[in-house]
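Analysis of the macromolecular model
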Amino acid sequence: MNKTTQFKHLLQSNQLEFILEAHNGLSAKIGEEAGFKGLWGSGLSLSAQFGVRDNNEASWTQLLEMLEFMSDATSIPILLDGDTGYGNFNNMQRLVQKLEQRDIAAVCIEDKLFPKTNSFIKGTAQPLADVDEFCGKIKAGKDAQRDDDFSIVARVEAFIAGWGLQEALRRAEAYHAAGADAILIHSALSVPDEVLAFKREWGERCPVVIVPTKYYATPTDVFRDHGFSLCIWANQILRASISAMQQTARTLAEEENLLSIEDRIVPVAEVFRLQGAGELQEAEKRYLPKSTRGIRAIVLAASQGGELGELTREKPKAMLDISGAPLLSRIVDAYNAVGIKQITVVRGFGKEHVNLPNLHYVDNDDFADTGELLSLHRALSELDDSQDTLISYGDVLFNKYIPQMLSDEKSDIVIMADTHWQESVNRHRQADYVNCSQASSRRAFGAKIQLCRIDEKLPDEAIHGEWMGFVKLASTALPLVRQHLETLLAKQNGRQAKLPDLLNHLVMQQIPVQVLYTTGHWLDIDSLDDVVQAGSF
Ligand code: SPV
Ligand code: MG
């Protein structure tokens, strides 16, 4: 429903409605979230938030800019406190046009002289507008509006200026006849006597709006019983924020630390929520090219690496010192070198030692009796499906061209295999060998090679290479891979399963796993000998 129509319904509903003061996009949004069906663009609050007086010191176009933010931030109607209309009938017409353009539902103008003064500052000394001049302004405003539901509220300041009920009624009658959609009857008394007397005489001629700032002690049911249409809480959000700001500022100035403040203020996450940061993140997934979103890495580093004996008695393998820097920091450097800086590390054994900065840590505290797939699952549970993901091990050093090749490859699931696998065999260690749709050869160059099986125990004649521990999952493959990962983990011994088990499972499900062949430029740290070699890697 149009905001203008929403506001009209508030004015015309047969119950007392409430609108809340707001003075910027944030307060407007907070008002809407609290459940208000409309907002009051208070002149006092708007000028105060600019740090100026409520005397038309801020120009009306400056107010308009802020109203645009308020309107954009909300879906409920705004009634602008338009003071005196910022000039004569001509200025009023332009004001109405500009408000309609910004989706402001209604404007209230008061029968005082420009520049006005807030009604609570020496009200009785304030001159009132000439009735005929003010009626012309109302008529001009009504003639200027394009939307039939745009409302003009005429504010009667007769009580404020020290005139009595008869003057208030005379003015209200004239404004109503000039086309005003409602009358706002204002009073500076601490009791509601003036507005109640007015309403008794006025009856139901048109909706009546009140601002009980000074007669706040009056029970709201009194207003209901008298048939008022709209009640404006005109400045309480501004005042509440001033209290909070003053208290916080003073405490910080005195204490010079955040300790007694932090728990009394909203977390920055709440600021982001109010700003709609989540919506932007969703939009980025839809509209940004994938390359711009970047690629991220998961490093599986939960295991102790017991084969290194004394070296890994306390620290896990990933934190082994390699020529003055931990192995993990060399891995991070290689990723960083190709622009990958979002790195999630799964820790387990000796996790307190795995503490390099700028990494996202996920813990697998069951590392002693679980396998890599559980670690991978822990990491993926904390990540969304928006980014391509490289997976590697915390004990494998590599040249930066490896993550580069994997990122450049467009297929959904990609692994890398070293065709110089026989050299590894010479070192008599266990390795994950791959059998593929095609061996590496000049003829195979450029062809899409698919994984057929990955196994430590392949017969030599079936081996096409040694898997180097890298898997790339495109963002589009993540939901499917998650699903299969969970299926495997749920199986008997699933919690001990390793990455090759996942790859074989995917192949068995006819999900293609592409293989990129390469030679060398990586080092799996499995022995003291490897540690020595790593120094010159
Ligand atoms: C305002 O909120 O700016 C008003 C109401 O005009 S009052 O301050 O009570 O005059
Ligand atoms: Mg005002």
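The sections below set out a description of the structure shown in this document. Quantities reported herein were computed from a predicted structural model and do not represent experimental measurements. (Residues numbered from 1 in each chain as written. Chains lettered and ligands numbered in written order. Predicted model: local features only at pLDDT ≥ 70, side-chain atom pairs only at ≥ 80, totals over all residues. Heavy atoms only, no water.)

1. Focus: helix α20 (residues 499–508)
Of all 10 residues that make up α20, 7 are buried, and the element is covered over most of its length. For α20, the complete set of buried residues consists of L499, P500, L502, L503, N504, H505 and L506. (Buried < 20%, exposed > 50% of the residue type's maximum accessible area, 1.4 Å probe, protein only. Helix = DSSP H or I, 4+ residues; strand = E, 2+ residues; numbered from the N terminus.)

2. Observations concerning a nonpolar patch on the surface
Taken together, the side chains of V266, V268, V271 and F272 present a nonpolar region at the surface, about 360 Å² in accessible area. For V266, a relative accessible area of 52% puts it in the exposed group. (Patch = residues over 30% accessible without salt bridge, like charges linked within 9 Å, V, L, I, M, F, W, Y side chains within 5 Å. Areas by Shrake-Rupley, 256 points an atom, 1.4 Å probe, with all protein chains shown as cover. Salt bridge = Lys/Arg side-chain N within 4 Å of Asp/Glu carboxyl O.)

3. Things to note about the site of ligand 1
Taken together, W40, S42, G43, L44, D81, N118, S119, F120, R155, H186 and A234 make up all the residues around ligand 1. Between an oxygen atom of ligand 1 and a main-chain N or O atom of G43, the distance comes to 3.1 Å. Contact between ligand 1 and L44: an oxygen atom at 2.7 Å from a main-chain N or O atom of the residue. In isolation ligand 1 has 280 Å² of accessible area, and contact with the protein removes 100% of it. Taken together, the residues of the shell around ligand 1 sort by class into 4 nonpolar, 5 polar and 2 charged. (Near = heavy atom within 4 Å. Polar contact = N/O pair within 3.5 Å; in protein donor to acceptor, adjacent residues only side chain to side chain. Nonpolar A, V, L, I, M, F, W, Y, C, P; charged D, E, K, R; others polar.)

4. Here's the deal with the side chain of H505
Tracing the backbone through its elements, the reader meets H505 in helix α20. On the basis of relative accessible area, H505 is assigned to the buried category, the value being 6%. Here the side chain of H505 touches H484 through a polar contact of 3.0 Å, side chain to side chain. With residues near it in sequence (within four places) discarded, H505 still touches H484, L488 and K491. (Contact = heavy atoms within 4.5 Å.)

5. Description of the pairing of strand β6 (residues 182–185)
With burial as the criterion, each face of β6 is covered, one bearing A182 and L184 and the other bearing I183 and I185. Strand direction decides the pairing type here: strand β5 (residues 151–156) and β6, joined by 4 bridges, are parallel. Looking across to β6, one finds that V156 is bridged to I185. For the crossover that starts at β5, traverses helix α7 (residues 165–178) and ends in the parallel β6, the hand is right-handed. (Pairing = 2+ DSSP bridges. Right-handed = clockwise from strand over helix to strand, strands pointing away.)

6. Brief notes about the packing of helix α19 (residues 478–490) against α20
The relative placement of two packed helices is expressed as an angle between their axes plus a distance between the axes. In the contact formed by α19 and α20, the axes pass within 10 Å of each other and the chain directions differ by 110 degrees. When the interaxial angle is binned, α19 and α20 end up roughly perpendicular. The crossing of α19 and α20 is right-handed. Touching V481, H484, L485 and L488 of α19 are D501, L502, H505 and L506, all from α20. Grouping the amino acids of the contact of α19 with α20 by side-chain chemistry returns 5 nonpolar, 2 polar and 1 charged. (Axes fitted to C-alpha atoms, helices over the stretch in contact; angles between N-to-C directions. Parallel < 35°, antiparallel > 145°, perpendicular 65-115°, else oblique. Left-handed = near helix turned anticlockwise from the far one by under 90°.)

Geometry only, nothing functional implied.
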